[in-house]
Amino acid sequence: MTDKIALTPKTHTTPPAKFSHGVRKGNILQVAGQVGFLPAEEGRPPTPAGPTLREQTLQTLANVKAILEEGGARWEDVMMIRVYLTDVDHFAEMNEIYNQYFEDLTEAPAARTTVYVGLPAGLLIEIDALAVLG
Amino acid sequence: MTDKIALTPKTHTTPPAKFSHGVRKGNILQVAGQVGFLPAEEGRPPTPAGPTLREQTLQTLANVKAILEEGGARWEDVMMIRVYLTDVDHFAEMNEIYNQYFEDLTEAPAARTTVYVGLPAGLLIEIDALAVLG
Amino acid sequence: MTDKIALTPKTHTTPPAKFSHGVRKGNILQVAGQVGFLPAEEGRPPTPAGPTLREQTLQTLANVKAILEEGGARWEDVMMIRVYLTDVDHFAEMNEIYNQYFEDLTEAPAARTTVYVGLPAGLLIEIDALAVLG
């Protein structure tokens, strides 16, 4: 029997609902859909890093990373990244930010799927990730 | 060599097409996208549990659960739940139903991603799930 | 420590960005979102197999298959296929093509989720896949 562990980084609130920001069981780590909210502060409602795609993408990636690290994983362990955008016209800019962000990756980058969906008002990007630890 | 097993609960039809309602291979169990159809009855076309989000969400969760159990898994084994809604305004209500449904969960709840997409007419929610058995 | 290997079939370009067409680590193989682009040719920009759903679906499935095979997997190893369409009215035709394509499958077919999203102009279908090797 392997335990399933909820991953709650310090930058995140204790989940307000019956979901985990991330879970690890054995060598599998799943990160829940993250958006560009700034690190949680007591008494402040969830606040996006800013209105731009750049601000939100970098914050979203930071939020995913915090959960990976809480579970003992690195970006190098990630197999799949799902990117949800709200606007097809954001693809080129997201890709540029993404490529810069992962420039120093030392192993094969994750597979990725990008699709265009609806998100709550003001949010331009959501990302989740599946990692397999070594 | 580990066998891949198709999971077909009694509440579901034999799949009419080349997909499985769920599959298990080794300790990995994947549930296909479920919607709020009532348990299958011979001669009746697939019928949603009702027109409301509440009816469809509860039926969809029941349908996911039937497949998990067919494969020997419990909600506690689920790592990731993907929720597809058709309307951003449904999030709060879905969340309330979801939290009540999972109130008695004895382990870390699954990670979750919720996005807003198109679904066939009349369907308000679709859910799939990935489980890792202990 | 198990290595993560990038999967780049001959039919695909070296990824122009920090993603992999597919990755394998241990017995887990993830195929990135594929669309209906013809096999890559030096100096030609990515070109869809044609404007129709049939042409794009068959090419997309061929592209997924090439990555599976590059990683030593077969369709029989696939646990989950995610199909992204742009139009609910395309479901019946996609399903018919899909069922013909998988007619000779010798094991339980993969679970599947189909949702309707936005895709870049001219693209009607995107597919990704998760496989667990035996």
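Since we're looking at a predicted model, the values are computed, not measured. (Residues numbered from 1 in each chain as written. Chains lettered and ligands numbered in written order. Predicted model: local features only at pLDDT ≥ 70, side-chain atom pairs only at ≥ 80, totals over all residues. Heavy atoms only, no water.)

Chemist: Got a sec to walk through the overall build of chain A? Specific residues and values, please.
Modeler: When its secondary structure is counted, chain A shows two helices and six strands. The secondary structure elements of chain A, listed N-terminal to C-terminal, are β-β-β-α-β-α-β-β. A compact globule built from 134 residues would reach a C-alpha radius of gyration of about 14 Å, and chain A, at 15 Å, matches this within 12%. Principal-axis analysis of the C-alpha atoms places the extent of chain A at approximately 45 × 40 × 25 Å. Expressed as a percentage of the 134 residues in chain A, the buried residues total 54%. The long-range share in chain A, meaning contacts at least 24 apart out of those at least 6 apart in sequence, stands at 69%. Accessible surface computed for chain A: about 5600 Å², of which carbon and sulfur atoms make up 53%. Charged side chains of chain A number 11 positive and 17 negative; the gap between the two group centres comes to 9 Å. (Helix = DSSP H or I, 4+ residues; strand = E, 2+ residues; numbered from the N terminus. Rg over C-alpha atoms; globule rule 2.2 N^0.38 Å. Buried < 20%, exposed > 50% of the residue type's maximum accessible area, 1.4 Å probe, protein only. Contact = heavy atoms within 4.5 Å. Areas by Shrake-Rupley, 256 points an atom, 1.4 Å probe, with all protein chains shown as cover. Lys, Arg positive; Asp, Glu negative; His and termini not counted. Charge placed at Lys NZ, Arg CZ, Asp CG, Glu CD.)

Chemist: So what about the relation of the copies chain B and chain A? Which residues, and what values?
Modeler: Relative to chain A, chain B is turned by 120° and slid 0.0 Å along the rotation axis, the superposed coordinates differing by an RMSD of 0.0 Å. What we have between these two chains is a three-fold relation. Relative to the rotation axis, the C-alpha of B:Val117 is the closest in chain B, positioned 3.3 Å from it. A share of only 13% of the interface residues of chain B reappears at the interface of chain A, consistent with the copies meeting through non-equivalent patches. (Least-squares fit on C-alpha atoms with pLDDT ≥ 70 in both.)

Chemist: Could you give me a rundown of empty space enclosed by the protein, with the residues and numbers involved?
Modeler: Any empty space left between atoms is shown by rolling a water-sized probe over those atoms. The full count for this structure, using the stated rule, is five cavities of 30 Å³ or more. Reported here for the largest cavity is a volume of approximately 170 Å³. The wall of the largest cavity is formed by 17 residues, among which A:Arg82, B:Gln30, B:Arg82, C:Arg82 and C:Leu130 lie closest to the centre. Elements with a minimum of two residues in the lining of the largest cavity: β4 (78-85) of chain A, β4 (78-85) and β6 (125-132) of chain B together with β4 (78-85) and β6 (125-132) of chain C. The residue inventory of the lining of the largest cavity, partitioned by class, reads nine nonpolar, three polar and five charged. (1 Å grid on protein atoms, 1.4 Å probe; cavity = no way out; pocket = protein on both sides within 12 Å on 5 of 7 lines; lining within 4 Å. Points joined across faces, edges and corners; volume = space filled by probe spheres on them. Nonpolar A, V, L, I, M, F, W, Y, C, P; charged D, E, K, R; others polar.)

Chemist: Lay out the interface of chain A and chain C with the relevant residues and their values.
Modeler: Size of an interface: often given as the accessible area lost when the parts come together. On the side of chain C, 28 residues touch chain A, which itself brings 30 residues to the contact. The largest contributions to the chain A side of the interface with chain C come from A:Met79, A:Pro109 and A:Tyr116, which together make up 23% of the buried area. Across the contact surface, chain A and chain C share two salt bridges. The salt bridge partner of C:Asp128 is A:Arg82, with a shortest N-O separation of 2.8 Å. The tally of links from chain A across to chain C stands at 14 residue pairs in polar contact (both at pLDDT 80 or more). (Buried area = accessible area lost by both parts, 1.4 Å probe. Salt bridge = Lys/Arg side-chain N within 4 Å of Asp/Glu carboxyl O. Polar contact = N/O pair within 3.5 Å; in protein donor to acceptor, adjacent residues only side chain to side chain.)

Chemist: Tell me about the pattern of salt bridges, and please be specific about residues and values.
Modeler: Under the defined criterion, the tally for this structure stands at 18 salt bridges over all chains. Measuring nitrogen to oxygen at the nearest pair gives 3.6 Å for the salt bridge that ties A:Arg44 to A:Glu41. A:Arg44 gets classed as partly exposed once you look at its relative accessible area, which sits at 30%. Residue C:Glu107 pairs with C:Arg74 through a salt bridge whose shortest N-O separation is 3.4 Å. One end of the pair, C:Glu107, is in the loop between α2 (91-101) and β5 (111-116); the other, C:Arg74, is in the loop between α1 (53-70) and β4, with 33 residues separating them in the sequence. A relative accessible area of 27% places C:Glu107 in the partly exposed class. For C:Arg74, a relative accessible area of 36% gives the class partly exposed.

Chemist: Just give me the short version of the packing of helix α1 (residues 53-70) of chain A against helix α2 (residues 91-101) of chain A, but keep the residues and values in it.
Modeler: Residues and elements named next belong to chain A. Where α1 contacts α2, the two axes come as close as 10 Å, and the packing angle between them is 45°. Classified by the angle their axes make, α1 and α2 are oblique. Two packed elements cross with a definite hand, and for α1 against α2 that hand is right-handed. Of the residues in α2, those touching α1 at Leu53, Arg54, Thr57, Leu58, Leu61, Ala62 and Lys65 are Glu93, Met94, Glu96, Ile97, Gln100 and Tyr101. The residue inventory of the contact of α1 with α2, partitioned by class, reads seven nonpolar, two polar and four charged. (Axes fitted to C-alpha atoms, helices over the stretch in contact; angles between N-to-C directions. Parallel < 35°, antiparallel > 145°, perpendicular 65-115°, else oblique. Left-handed = near helix turned anticlockwise from the far one by under 90°.)

Chemist: Go over the sheet that holds strand β6 (residues 125-132) of chain A with me, naming the residues and quoting the values.
Modeler: Residue and element names in this part refer to chain A. Taken together, six strands build an open sheet; the order of strands is β1-β2-β3-β6-β4-β5 and the sheet is mixed. The open sheet has two edge strands, β1 (4-6) and β5 (111-116), and neither has a second partner. Taken over all neighbouring pairs, the strand axes of this sheet differ in orientation by 10° on average, direction set aside. Two elements, strand β2 (residues 22-25) and strand β3 (residues 28-34), share four bridges in a ladder whose sense is antiparallel. (Pairing = 2+ DSSP bridges.)

Chemist: Report on the packing of aromatic side chains, specifying residues and quantitative values.
Modeler: Going through the model one piece at a time under the given rule, you end up with twelve aromatic pairs over all chains. Each ring, one from A:Tyr98 and one from A:Phe102, has its centre 4.8 Å from the other, and the planes form 65°; the classification is edge-to-face. Each member of the pair, A:Tyr98 together with A:Phe102, is buried. A connected cluster of aromatic rings, assembled from ring pairs, spans A:Trp75, A:Tyr98, A:Tyr101 and A:Phe102. Directly above the aromatic system of C:Tyr98 lies the positively charged group of C:Arg112, at a separation of 4.4 Å from the ring centroid. (Phe/Tyr/Trp six-rings, centres within 6.5 Å; stacked < 30°, edge-to-face > 60°. Lys NZ or Arg CZ within 6 Å of the ring centre and 35° of its normal.)

Chemist: Could you give me a rundown of the relation of the copies chain A and chain C, with the residues and numbers involved?
Modeler: One copy of the chain maps onto the second through a rotation about an axis and a displacement along it. Mapping chain A onto chain C calls for a rotation angle of 120° and an axial translation of 0.0 Å; the resulting RMSD is 0.0 Å. A share of only 13% of interface residues in chain A that are also interface residues in chain C marks the association as one of differing surfaces.

Chemist: Explain the sheet that holds β6(C) to me, and be specific about the residues and the numbers.
Modeler: All names here are of chain C. Read across the sheet, six strands follow the order β1-β2-β3-β6-β4-β5 without closing on themselves; strand pairing throughout is mixed. A strand with exactly one partner marks an edge of an open sheet, and here the two such strands are β1 (4-6) and β5. Strand-to-strand, the axes of this sheet are offset by a mean angle of 10°, without reference to chain direction. Bridge analysis of β4 against β6 gives seven bridges, and the strand direction is antiparallel. Across the sheet, the residue bridging to Ile81 is Ala129, located in β6. Running at roughly 150° to β5, α2 makes contact with β4, β5 and β6 of the sheet.

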